[in-house]
Amino acid sequence: MIIGGPSSQLLGGRVAKVLKEDLALCEYSSFPDGESYTQVCSDLDDRIVLIQSTPSDRDIIQLLQLLDVFRGRRIDLVVPYFGYARQDKQFKPGEPLSARAMAVAMDAFLEEGSRIFTVNIHDRSVLNNFRHEATDLDAASVLADEIGKMKLDHPVIISPDKGAVRMAKVAAARLGIDYDYLEKTRHSGTEVSMAPKEIDASGRDVVILDDMIATGGTMAQAISILKSNGAKRVYLGSVHPVLTGNAVLKLCRAGVESIITTDTLEKAVSTVSVARLIAEAVRP
Ligand code: R5P
């Protein structure tokens, strides 16, 4: 039985379809004081796959409520977008490791034999906070397959920094095309420039690939740099479309051709599904 949490209803439905399994009917609403109300209305099966991304605090509460419903059962918990994963280091005394706090809270509900799956979590070390088997699934090939369907001119995949180059490498290898990353060069105390490390992007179509787009600042800057380096058309590929505030406006103003993201978060630009990736991972 597949449980599509409130933030992953469509993805839950898609995974159920791939696996040909029942999709549970659940109710998600609020009490007058704002507290979340959650109910699994369908009779519970022996095998439960619970899918819930946690982009907001409310999504985390609702996930914990669902986990409480399944207390005492072995489940597969899938958190496609794991909120707070970027808060995995302490910079000042007195700061929590919020990524660890989230993992520990979820883990407390999980029985022996349960498994956890995430998709391109910001840092895989967060998974070490679970006592149970925890696996991060990689959607780079899912995005690559979508990029492969586009009619691109002499394309190159570029990551906005060295940290994200692994995704670019995986996607480029699948497509048999070039990849690179933007490197920062400091010319003086105040002067910094950025450009692709190896490849001349001029006259070529570029797909910038990163794990997430949050404020859009990183991607907007990368688009501008590549355009000023003579790139022909610039596309964005990203696993998690967090897209806070005016992120989409920033990207459009920077001249993005189109944005391709997955349904780890269900937004208008989530045109690629990770359902098959998740289904293969949880398939008995
Ligand atoms: C950083 O480590 C991540 O890979 C993303 O590059 C970053 O989180 C994007 O954030 P924003 O869209 O706010 O620049």
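Preceding this paragraph is the structure being described.
What you see is a predicted model, and the numbers here were worked out from it, not measured in a lab.

A. A look at the packing of aromatic side chains. Inspection of every chain in the model, using the stated rule, returns two aromatic pairs. Here F31 and Y37 contribute two aromatic rings whose centre-to-centre distance is 5.6 Å and whose plane-to-plane angle is 90 degrees, an arrangement assigned as edge-to-face. The partly exposed category is assigned to F31, whose relative accessible area is 40%. Residue class for Y37 comes out partly exposed when judged on its relative accessible area of 28%. Centre to centre, the rings of F82 and F130 are 6.3 Å apart; their planes meet at 80 degrees, and the pair counts as edge-to-face.

B. Spatial organisation of the nonpolar core. Counting residues in each nonpolar core, the largest one holds 34 residues, and the members touching the most others are V15, I51 and I278. Contributing elements (two or more residues each) for this core: α1 (9–19), β4 (48–51), β6 (115–119), α4 (140–149), α5 (165–175), β11 (206–213), β12 (234–241) and α8 (275–282). If sequence neighbours within four positions are ignored, I278 has contacts with L11, V15, I51, V78, P80 and L137. Counting residues in each nonpolar core, the second largest holds 28 residues, with F70, L110, V126 and F130 among its members.

C. Fine view of the site of the ligand. Contacts to the ligand come from R86, H122, D210, D211, M212, I213, A214, T215, G216, G217 and T218. Contact between the ligand and T215: an oxygen atom at 2.6 Å from a side-chain N or O atom of the residue. The separation between an oxygen atom of the ligand and a polar side-chain atom of T218 is 2.4 Å. Judged by the proximity of its atoms to the pocket grid, the ligand belongs to the largest pocket. Where the shell around the ligand is concerned, the elements lending two or more residues are β11 and α6 (217–228).

D. Highlighting the side chain of D210. Relative to the assigned elements, D210 resides in strand β11. The contacts of D210, once residues within four sequence positions are left out, are P160, A164, M167, T218, M219, G237, S238 and V239.

E. Structural view of a negative patch on the surface. A cluster of like negative charges, contributed by E21, D22, D45 and D46, occupies part of the molecular surface. Among the structural elements, D22 can be located in the loop between α1 and β2 (26–30).

F. Highlighting the environment of G245. Looking at the element boundaries, G245 is found in the loop between β12 and α7 (247–254). When its relative accessible area of 81% is taken as the criterion, G245 is described as exposed. The sequence separation of G245 and A214 amounts to 31 residues, and the corresponding C-alpha distance is 8.8 Å.

G. Highlighting empty space enclosed by the protein. Taken as a whole and assessed by the stated rule, the structure comprises one cavity of 30 Å³ or more. One number sums up the size of the largest cavity: a volume of about 40 Å³. Surrounding the largest cavity, Y81, F82, A85, V119, N120, I121, H122, M212 and H240 form its lining. Classifying every residue of the lining of the largest cavity gives six nonpolar, three polar and no charged.

H. Structural view of the sheet that holds β4. The five strands are arranged β1-β4-β5-β6-β7 in an open sheet whose pairing can be described as parallel. In this open sheet, the two edge strands, each paired with only one partner strand, are β1 (2–4) and β7 (133–137). In this sheet, adjacent strand axes meet at a mean angle of 15 degrees when their direction is disregarded. As defined by bridge partners, strand β5 (residues 75–79) adjoins β6 across four bridges and the pair is classed as parallel. Within β6, the position partnered with D76 by the bridge is R115. Here helix α2 (residues 57–69) sits on the sheet in contact with β1, β4 and β5, set at roughly 175 degrees to β5. The strands that α8 touches are β4, β5, β6 and β7; relative to β6, the one it contacts most, it runs at about 160 degrees.

About the thresholds
- Residues numbered from 1 in each chain as written.
- Predicted model: local features only at pLDDT ≥ 70, side-chain atom pairs only at ≥ 80, totals over all residues.
- Heavy atoms only, no water.
- Phe/Tyr/Trp six-rings, centres within 6.5 Å; stacked < 30°, edge-to-face > 60°.
- Buried < 20%, exposed > 50% of the residue type's maximum accessible area, 1.4 Å probe, protein only.
- Core = buried A, V, L, I, M, F, W, Y, C linked by side-chain atoms within 4.5 Å.
- Helix = DSSP H or I, 4+ residues; strand = E, 2+ residues; numbered from the N terminus.
- Contact = heavy atoms within 4.5 Å.
- Near = heavy atom within 4 Å.
- Polar contact = N/O pair within 3.5 Å; in protein donor to acceptor, adjacent residues only side chain to side chain.
- 1 Å grid on protein atoms, 1.4 Å probe; cavity = no way out; pocket = protein on both sides within 12 Å on 5 of 7 lines; lining within 4 Å.
- Sits in = over half its atoms within 2 Å of the grid points.
- Patch = residues over 30% accessible without salt bridge, like charges linked within 9 Å, V, L, I, M, F, W, Y side chains within 5 Å.
- Areas by Shrake-Rupley, 256 points an atom, 1.4 Å probe, with all protein chains shown as cover.
- Salt bridge = Lys/Arg side-chain N within 4 Å of Asp/Glu carboxyl O.
- Lys, Arg positive; Asp, Glu negative; His and termini not counted.
- Charge placed at Lys NZ, Arg CZ, Asp CG, Glu CD.
- Points joined across faces, edges and corners; volume = space filled by probe spheres on them.
- Nonpolar A, V, L, I, M, F, W, Y, C, P; charged D, E, K, R; others polar.
- Pairing = 2+ DSSP bridges.
- Axes fitted to C-alpha atoms, helices over the stretch in contact; angles between N-to-C directions.

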